[in-house]
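Structural overview for review
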Amino acid sequence: MANAKKVVQTAAAPKALGPYSQAIVANGLVFCAGQIPLDPKTGDIVEGGIAEQTHQVLKNLQAVLKEAGSGLDRAVKTTVFLKSMDSFVAMNEVYGRPEYFGGAAPARSTVEVARLPRDVMVEIEVVALA
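Scoring rules and cut-offs
- Residues numbered from 1 in each chain as written.
- Predicted model: local features only at pLDDT ≥ 70, side-chain atom pairs only at ≥ 80, totals over all residues.
- Heavy atoms only, no water.
- Pairing = 2+ DSSP bridges.
- Helix = DSSP H or I, 4+ residues; strand = E, 2+ residues; numbered from the N terminus.
- Axes fitted to C-alpha atoms, helices over the stretch in contact; angles between N-to-C directions.
- Contact = heavy atoms within 4.5 Å.
- Salt bridge = Lys/Arg side-chain N within 4 Å of Asp/Glu carboxyl O.

**A few points about the pairing of strand S6 (residues 122–129)**
Pairing of strand S3 (residues 29–35) with S6 involves five bridges; the strand directions are antiparallel. Its bridge partner being in S6, leucine 29 is matched across the sheet by leucine 129. Where strand S4 (residues 75–82) and S6 come together, seven bridges link them in antiparallel fashion. If you follow lysine 77 over to S6, its bridge partner there is valine 127.

**Quick look at the sheet that holds strand S1 (residues 5–8)**
Read from one edge to the other, the open sheet built from six strands follows the order S1-S2-S3-S6-S4-S5, with strand pairing classed as mixed. For this open sheet the edge positions go to S1 and strand S5 (107–112), each flanked by a neighbour on one side alone. Mean inter-strand twist for the sheet, computed between neighbouring axes without regard to direction, equals 15°. Each of S1, strand S2 (23–26), S3, S4 and S6 is contacted by helix H1 (residues 50–67), which is oriented at about 30° to S6, the strand it contacts most. Of the strands in this sheet, S4, S5 and S6 are in contact with helix H2 (residues 88–95), which crosses S5 at around 150°.

**As for the pattern of salt bridges**
Applying the stated criterion across every chain, the model contains one salt bridge. Notably, a salt bridge pairs aspartate 119 with arginine 115, separated by 2.6 Å at the nearest N-O pair.

What follows is the structure, encoded as structure tokens:
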């Protein structure tokens, strides 16, 4: 059915912190909820600064996309939410590594926000091809 939507849930990424799904697959796209830098095994925020937090966020997104039958290499749009734009360069160095998006980086918006869940430094959401 063309209008059907499928909920994506994996233990390889942190559980949703509220009434939302890790991702929804609909009409050939995967809409990933924003991920924050939580260790999926412990639920704790990863130690370190923006680089370590960005790595964990991208690993969490990889796990959700894998469960959906996709991957970061199929991402078409991301939105990066930063606690401070002063972290942009360090976040971007991790985000730009080839092991995440491959050779074709998705379209992206990056914004500074007043506050993120659990006071983390970064949250990223993704839309990818299924």
